[in-house]
Amino acid sequence: MALTKTHNRMIEGAPVNVLDFGAVGDGSTNDTAAIQAAIDSGASTVIIPSSASSFLIADVTLSAGISLVGEGGEISFVLGSTASGIDMQSNSSILNVNFDISGADSLGTSAIIDVEGNDCRIEGCLFDGKTSGPSAFKANYTIRISNTLSNLRTHIINNRFRNTYFGVIRQSGTTGNMSWSKINGNSFFGVDKGDAIEINVGADIDIQVHGNTIYDVSGDGVTNAGIAIGIAGDGGSGGAPSSEIRKLSIVNNTVDNAVMGIHVEGCNSISIASNMVNSITGNGTEAGIQIYSSDDFLISGNQVGSCTIAGIQVQAEGADQSSSGAVSGNLVKDCASGINIDTDVASSSVVISGNHVKNSTSKGVGVKGSADYNISANGTEDCVLGYSVNAESNANNVTVSANTSTNDTSTHLFSNTASTNLYSGGNNFLADFKPTITIVANDTTPAVASGNNYKTTANTGATAITDFTGSQDGQIIHVRGGSSTNASTIADSGNFRLAGAMTLNVNASISLQYNDTTTIWYEISRSVT
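Residues numbered from 1 in each chain as written. Predicted model: local features only at pLDDT ≥ 70, side-chain atom pairs only at ≥ 80, totals over all residues. Heavy atoms only, no water.

### Concerning the packing of aromatic side chains
Inference 1: Evaluated as defined, the whole model comprises nine aromatic pairs.
Inference 2: Between Tyr141 and Phe166, the aromatic rings sit 5.3 Å apart at their centres with planes inclined by 50°, giving tilted as the arrangement. One end of the pair, Tyr141, is in strand β13 (residues 141-145); the other, Phe166, is in strand β16 (residues 166-170), with 25 residues separating them in the sequence.
Inference 3: We classify Phe166 as buried; its relative accessible area is 10%.
Inference 4: Pairwise contacts between aromatic rings join Phe77, Phe99, Phe127, Phe161 and Phe188 into one cluster. (Phe/Tyr/Trp six-rings, centres within 6.5 Å; stacked < 30°, edge-to-face > 60°. Helix = DSSP H or I, 4+ residues; strand = E, 2+ residues; numbered from the N terminus. Buried < 20%, exposed > 50% of the residue type's maximum accessible area, 1.4 Å probe, protein only.)

Put into structure tokens, the structure is as follows:
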């Protein structure tokens, strides 16, 4: 037998139904007072049942310890320019409620939910803007976390956001704290203005952003908007280490079609791992994964593709530097630039290893600044223009080892002459097989950056080859004589260490390997006719 509403109220703490307090749920009657009365009734659980239409509210406060639970019902809003639909106090929960936010006021600082206490939980809800596009009428913020109050252990789990403005936001401030919080398992489809997830915090610890799916974040021209996942320590990238977020993990998220992908500033002990980021349009500076002025970072096992600026980028902003970290095991493809690291902290070290960069149109891996760089076991494939590995003019203490390139048409290893302490060894910077290239007549310093197989031609006079230019460490070339007319010669001196002088008569050939440390070509083998 079902309990009547009288019996229900006699049982202390028993769930109550908003219909029992006069709510109508017809989409036009203002049910604010009825729903607030249900919340204030002393029950720990307030039910939003299915109804003919939605329960229309303006502004209610979800008191401490109360759970608002949906059982097929929907809530819609009429908000003023600064109002919030629901203000959540400590230990309150909103579970499995559907929200029609299409009629909410989009002006000013209105929000659907304001989180204003510790241990708040929002789980299994749908926030539906109904109509896509920035002209749709919806709240400026969907879930807003207070930046002046403590919000420890905020959990925003397994919700769906569809055609919203800002999804989950915590604006900058120094007095709040949302340590041990989780934003996990949510899906965002169509963030028409603003960011999907934007968290600005102070000296908080242990924040998780895991397993979210984010698609189509437009920004609508809002400055610095259009971010899929954006996390910033107090003061942004200029924050001192003591005010940085510590223990930040951004793991297993999927991002497709945004202005900016994953963007982190002013944080410490960061793990960005196993994310898939694709189709990032950029704003002139942004990469698929971008870190500014942060310490102790690990960027590992991510797949990043189709970014107009770069796949992965770590850099300073002004005088604020990023320091030690590792970028390893990532796949970056179809980006203008693959992996760019810029840090000028002399005491820091950065390892770039085991990454694969494909179809870059600028450079595969690029570094600059005075950090110690170890660039090892990376692969570049089908990259054009630029360089496979680029140590820029102020890059110091760089080790480049065991890297490979496959079918790159770029120059493989570049170091500006102003760089210092550059060591390169054990790399296999060889392009895939290309047809034999004919050396122009009378050339005494042929360029060999375009392949490995070369053939001389008839010269108009005696021609002694003194060097092969554009070479890479470990590069092997094969040179065959194409004519005996004034045949090119190579002496066992200068830039060459040979078994003896070589005359490249027709069909005679020699194989040489270049050592970047000694700047010498060493003979491997030869054949003569």
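Past the structure itself, the notes keep going.
### Some details on the nonpolar core
Inference 1: Residues Ile86, Ile94, Phe99 and Ile113 are the most contacted members of the largest nonpolar core, which totals 90 residues.
Inference 2: Broken down by element, the residue count for this core peaks at four residues, all from helix α2 (residues 32-39).
Inference 3: Among the nonpolar cores identified, the runner-up in size contains 17 residues, and Val448, Met502, Ala508 and Leu512 belong to it. (Core = buried A, V, L, I, M, F, W, Y, C linked by side-chain atoms within 4.5 Å.)

### Things to note about the pairing of strand β22 (residues 227-232)
Working note: regular strand, side chains alternate between the two faces of the sheet.
Inference 1: Most of β22 sits out of view: six of its six residues are buried.
Inference 2: Relative to strand β25 (residues 260-265), β22 is paired through five bridges, and the arrangement is parallel. Directly across from Gly230, in β25, lies its bridge partner His263. (Pairing = 2+ DSSP bridges.)

### Some details on the sheet that holds strand β48 (residues 464-465)
Inference 1: Across the sheet, three strands lie side by side as β48-β50-β52; this open sheet has mixed pairing. Both outer strands of the open sheet, β48 and β52 (502-503), are each paired with one neighbouring strand and no more.
Inference 2: Alignment of β48 against strand β50 (residues 489-490), held across two bridges, turns out to be parallel. Looking across to β50, one finds that Ile465 is bridged to Ile490.

### Let's talk about the pattern of salt bridges
Inference 1: Under the counting rule described, the total for this entry stands at seven salt bridges.
Inference 2: For Arg153, the salt bridge goes to Asp119, with nearest N and O atoms at 2.6 Å. Separated by 34 residues along the polypeptide, Arg153 in the loop between β13 and β14 (155-157) and Asp119 in the loop between β10 (111-115) and β11 (121-123) bring together distant segments of the chain.
Inference 3: Here Arg153 falls in the partly exposed class, since its relative accessible area comes to 33%.
Inference 4: A relative accessible area of 28% places Asp119 in the partly exposed class.
Inference 5: Close ionic contact of Lys130 with Asp128 constitutes a salt bridge, the shortest N to O distance being 4.0 Å.
Inference 6: Given the relative accessible area of 7%, Asp128 is considered buried.
Inference 7: Because the salt bridges share partners, they merge into one network encompassing Glu74, Asp128, Lys130 and Arg162. (Salt bridge = Lys/Arg side-chain N within 4 Å of Asp/Glu carboxyl O.)

### Examining the sheet that holds strand β53 (residues 509-515)
Inference 1: Ordered by their spatial adjacency, six strands build an open sheet running β46-β47-β49-β53-β54-β51, and the pairing between neighbours is mixed. The sheet terminates laterally at β46 (437-438) and β51 (496-497), the two strands that pair on one side only.
Inference 2: In terms of strand pairing, β46 meets strand β47 (residues 453-455) through two bridges, oriented parallel. Among the inter-strand pairings, Ile437 is bridged to a residue of β47, identified as Tyr454.

### Some details on the pairing of strand β6 (residues 74-77)
Inference 1: Direction of pairing for strand β3 (residues 55-57) relative to β6: parallel, over a ladder of three bridges. Bridge assignment links Leu56 to a residue of β6, and that residue is Ser76.

### Let's talk about the confidence of the model for the protein chain
Inference 1: Averaged over all residues, the pLDDT of the protein chain is 84; the fraction at 70 or higher stands at 82%.
Inference 2: At the level of individual helices and strands, the protein chain shows its lowest average pLDDT in helix α1 (residues 5-10), which scores 46, and its highest in β11, which scores 98.
Inference 3: Here residues 1-8 is a poorly scored stretch, pLDDT under 50, and it has six contacts once near neighbours within four places are set aside; other chains count.
Inference 4: In this model residues 235-242 is a low-confidence stretch, pLDDT under 50, and it forms 12 contacts with partners more than four residues away in sequence or in other chains. (pLDDT = per-residue confidence, 0-100. Contact = heavy atoms within 4.5 Å.)

### Thoughts on α2
Side chains three or four residues apart in an α-helix point the same way, a direct result of the helix having 3.6 residues per turn.
Inference 1: Burial analysis of α2 places six of its eight residues in the buried class, the great majority of the element.
Inference 2: Three or more residues of α2 are buried, namely Thr32, Ala34, Ile35, Gln36, Ala38 and Ile39.
Inference 3: Looking at the packing, one finds that the buried side of α2 touches β1 (16-17), β2 (45-49), β3 and β4 (60-62).

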